[in-house]
Amino acid sequence: MARETHLADAAAASPKAKKPDADGAAVAVVPDVGGSGGGGHGGGRKLSLVPLIFLIFFEVAGGPYGAEPAVQSAGPLYALLGFLIFPFIWAIPEALVTAELSTALPGNGGFVLWADRAFGPLSGSLMGTWKYVSGAINGAAFPALCADYLARVVPAVAGGGPRVATIVSFNVALSFLNYTGLTVVGWTAVGLGLASLSPFLLMSGIALPKIRPHRWGAVAGEKDWKLFFNTLFWNLNYWDSVSTMAGEVERPGKTLPKALVSAVTMTSLGYLLPLMAATGAINAPPEDWGNGFFADAAGMIAGKWLKYWIEVGAVLSSIGLYSATLSSAAFQLLGMADLGLLPRAFAVRAPVFNTPWVSIVCTSAITLGMSFFSFNSIVAAANFLYSLGMLLEFAAFIWLRIKRPELARPYRVPTRLPGAVALCLVPSAFLVFVMAIAGWKVYAISAAFTAAGVGVYYLMGFCKARGWFKFSTADEGTAYQRQDSRNGDV
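Given the structure is predicted, the values throughout are model-derived calculations rather than measurements.

Undergrad: Please explain the overall build of the protein as it appears in this structure.
TA: Secondary structure summary: the protein contains 17 helices and zero strands in total. Counting only carbon and sulfur atoms, one obtains 68% of the accessible surface of the protein, whose full area is about 18,400 Å².

Undergrad: Would you mind showing me how to read the packing of helix α4 (residues 76–104) against helix α9 (residues 225–235) here?
TA: A packed helix pair is summarised by two numbers, namely the angle formed by the two axes and the spacing between the axes. Running from N to C, α4 and α9 point in directions that differ by 50°, and their axes come no closer than 10 Å. Relative to α9, α4 is oriented oblique. In terms of crossing hand, the pair formed by α4 and α9 is right-handed. For the pair formed by α4 and α9, the contact residues are Y78, A79, G82, F83, F86 and W90 on the first element and W225, F228, L232, F233 and N235 on the second. A per-class count over the contact of α4 with α9 returns nine nonpolar, two polar and no charged.

Undergrad: What's the story with the pattern of salt bridges in this structure? I'm lost.
TA: Once the charged atoms of two side chains with opposite charge are near each other, the side chains can pair. A full pass over the atoms with the stated rule returns eight salt bridges. Where R401 meets E100, a salt bridge forms, and the shortest distance between an N and an O atom there is 2.8 Å. A residue pair is termed long-range when its members are at least 10 positions apart, and R401 in helix α14 (residues 376–403) and E100 in helix α4 qualify at 301 residues. Among the residues examined, R401 registers a relative accessible area of 8% and is labelled buried. On the basis of relative accessibility, which here comes to 0%, the residue E100 falls in the buried class. Here E100 makes a salt bridge to R409, at a shortest N to O gap of 3.1 Å. Of this pair, E100 sits in helix α4 while R409 sits in the loop between α14 and α15 (417–436); the two residues are 309 residues apart in sequence, bridging distant segments of the chain.

Undergrad: Help me out: how do you make sense of the nonpolar core in this one?
TA: In globular proteins that are soluble, nonpolar side chains generally tend to be buried together. Membership of the largest hydrophobic core comes to 132 residues, with the highest contact counts inside it found for I56, F83, M203 and F397. For this core, the leading source of residues is helix α12 (residues 304–338), giving 15 residues. Leave out the neighbours within four places in its chain, and F397 touches V97, E100, L101, V413, A420, L423 and C424. By size, the runner-up hydrophobic cluster in this structure holds six residues, among which are A380, M435, A438 and V442.

Undergrad: Can you help me understand the side chain of T367 in this one?
TA: Topologically, T367 is positioned in helix α13 (residues 357–370). In this view, T367 contacts A136, G139, A140, N171 and Y322; residues no more than four positions away in its chain are not counted.

Cut-off values and rules
Residues numbered from 1 in each chain as written. Predicted model: local features only at pLDDT ≥ 70, side-chain atom pairs only at ≥ 80, totals over all residues. Heavy atoms only, no water. Helix = DSSP H or I, 4+ residues; strand = E, 2+ residues; numbered from the N terminus. Areas by Shrake-Rupley, 256 points an atom, 1.4 Å probe, with all protein chains shown as cover. Axes fitted to C-alpha atoms, helices over the stretch in contact; angles between N-to-C directions. Parallel < 35°, antiparallel > 145°, perpendicular 65-115°, else oblique. Left-handed = near helix turned anticlockwise from the far one by under 90°. Contact = heavy atoms within 4.5 Å. Nonpolar A, V, L, I, M, F, W, Y, C, P; charged D, E, K, R; others polar. Salt bridge = Lys/Arg side-chain N within 4 Å of Asp/Glu carboxyl O. Buried < 20%, exposed > 50% of the residue type's maximum accessible area, 1.4 Å probe, protein only. Core = buried A, V, L, I, M, F, W, Y, C linked by side-chain atoms within 4.5 Å.

Quick look at the structure:
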């Protein structure tokens, strides 16, 4: 949700030595380090299918909030076509790649692990930098967004000390929620998802007799294609974020593909149906469709009660978005520590809840600090870095098909190598397009973050050589367990 708001603003303004098992598949399992159970094999409960679906939903979208600029920039016709077609050329390929690699290498860290296995530790570290910066900056918007929505009901929190207290309280409360474990976070996401989607289901039902199909054919007089494609892209992105928690999933070989298919379907319909209802039931010009217009449309269709419900749903959605983003980022740090890319402290787990509390606290502190800044160019650069990460992810997917054909893949994208290449070509071309239209400030900031990522990699190597911090190693930090590719019980 808030990712799209950011984009609208920005538009306006050597491999490790491993010992493979007989099947060639591996899961990183790190022995306990101060309560750590790295790799997701501690004593905590695992994520089951339903909460995993809603966690993916919040990592990607959180509801149709933020889809309005697609109508504003090009009109109802192109917005509807975009949300109908774009899942097939972007969301589904990204989800398929995530499903195959997450089940083949179901350890925490996800895309970092994939890049490390394909191209070596430097690539894994760079992937971690790009994705972590992108996730942390996007996550930083949610506490401030929640405060903005609350200010509509309680004007006192619009600025000054009350606003700061609201943002800090939001951050601390959801950090503690993440500390209690992914099972709690997942079932909380189920409740938040149902609450934030239900007003749109009601709106769509009430709008049915008022829909005039000819309104779907309207187009904007002056089209802003940059805003249009950015809105589509970031409303249907981040499907790979769930991979950083793959080590915490119950039977990932079966659960992850089912969860991704369900989440893609739910998310796509969650955009398309409300857009069809609102654009077909009210005669509003495209220029009225700014961020937040869904609430106004609901008021026109059903009355103020539904408008207020959607505004409350936006707050609940921002809570779910932040919680899911924090979980993904924290488990990414844990996975990087398991691989020896970061100090082992980031893999330390809480004794009761088995959560990576150091990684949670660090990520929470970073996002809290960023919540008080306005940084449109940095947000655009974060999106640029995410695109770089996705290109590396697609390359890892293809290279592992070539380099490790024997790797057990409980879920395998049903195509041979040429089809796998074709699957990645269209989304890769779109990534290049999105990156090409970025401004020079974005290029400069992205180059600085990339240089910092390379610097962090060599700094960690220097600290490891000097013994300043403890790191997981190939001998003590990685063990391998056999994968059953026939039944997916991994």
